[in-house]
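# Overview (structure and organization)
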Amino acid sequence: KAVIDKVNVHGYEYEDGPRDQVYDEYTKLDTSKVKLYNSEYGDGDASGLSLARNFALDIEWLHPTAWVYWQVLDGGGWGCLDSTMEGDSKGVDQVNPKWYRLAQYTRHLRAGMTVIEVDHDDTVAFYDSAAQTLTLVTTVYDIANGGSTVDVTHDLGAFSEAAGPIVRWTTSTGTSPYQLYEGPIEDQTLDSEAKFTASFGPNTTTTFVVHGVVV
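What comes next is a walk through the structure. Note that the coordinates shown come from a computational prediction; the quantities given were computed from them, not determined experimentally.

### Some words on the side chain of Gln-104
Within the secondary structure, Gln-104 is located in helix H3 (residues 97–106). Judged by relative accessible area, Gln-104 falls into the buried class, the value being 0%. Side-chain polar atoms of Gln-104 contact the side chain of Thr-171, separated by 2.9 Å. Once residues within four sequence positions are removed from consideration, Gln-104 is found in contact with Val-137, Trp-169, Thr-170, Thr-171, Tyr-181, Thr-205, Thr-206 and Thr-207.

And the structure:
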């Protein structure tokens with residue numbers, strides 16, 4: 001144990017992965033000195049929806065300090081950039097929606113942010129104390145009973161202060177034409193109880209960056 005400084009895990013068991021058991025084993029080490037990385041995740045879902053779901057599960061149950069998507073360039077839905085890897089026609093064939101879905105995380109979540117626990121299974125929340133911003137990334141999948149939209153409310157009432165503004169970016173692949181990466185847009189405001197509600201179409205991932213948030 002004394003010579004271990006990092007634990008690497010891979011995420012290929014997807015939603016069935018025993019994340020809590022892995023984390024329990026990790027906590028038997030000196031967690032102040034040993035890092036926990038999900039150093040390899042990939043899937044064949046070109047939409048990026050599987051990526052979003054498994055990232056949220058990892059944040060909630062595995063608590064990694066780093067998370068790596070493995071195949072940026074690959075075919076068969078595995079790559080963020082759908083690519084031909086062999087033969088005379090090697091190269092990038094098209095940009096998969098997964099590229100933009102992943103961007104909802106990579107363009108807004110930064111090293112040093114603090115993970116905040118939330119009560120919405122498909123939301124991750126990260127707090128930047130220096131910038132006083134709270135970043136929420138929420139995904140809605142298929143909507144029950146054939147509905148076209150569903151409302152999601154985020155409650156910031158537990159913070160000592162939440163002033164706004166709120167800036168959002170959206171990736172939506174539920175209905176055509178797709179919104180691959182729409183934003184920045186300021187169309188949300190906090191109410192008197194420090195809550196805001198956003199409507200989501202199916203298969204939609206939205207990042208909200210809330211400014212003026214104090215723990």
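### What to know about the packing of aromatic side chains
With the rule as written, the count across this model stands at ten aromatic pairs. Here the aromatic rings of Tyr-12 and Tyr-14 are separated by 6.3 Å at their centres, their planes lie at 85 degrees, and the arrangement is edge-to-face. The structure contains a cluster of three or more aromatic residues connected by ring pairs, namely Tyr-12, Tyr-14, Tyr-41, Phe-55, Trp-67, Tyr-69 and Tyr-105. Against the face of Tyr-141 rests Arg-53, its NZ or CZ located 3.8 Å from the ring centre.

### Quick look at the side chain of His-108
Within the secondary structure, His-108 is located in the loop between H3 and strand E7 (114–116). Each residue touching His-108, except ones within four places of it in the same chain, is listed here: Ala-103, Met-113, Thr-135, Trp-169, Tyr-181, Thr-207 and Val-209.

What counts, and at which threshold
- Residues numbered from 1 in each chain as written.
- Predicted model: local features only at pLDDT ≥ 70, side-chain atom pairs only at ≥ 80, totals over all residues.
- Heavy atoms only, no water.
- Helix = DSSP H or I, 4+ residues; strand = E, 2+ residues; numbered from the N terminus.
- Buried < 20%, exposed > 50% of the residue type's maximum accessible area, 1.4 Å probe, protein only.
- Polar contact = N/O pair within 3.5 Å; in protein donor to acceptor, adjacent residues only side chain to side chain.
- Contact = heavy atoms within 4.5 Å.
- Phe/Tyr/Trp six-rings, centres within 6.5 Å; stacked < 30°, edge-to-face > 60°.
- Lys NZ or Arg CZ within 6 Å of the ring centre and 35° of its normal.

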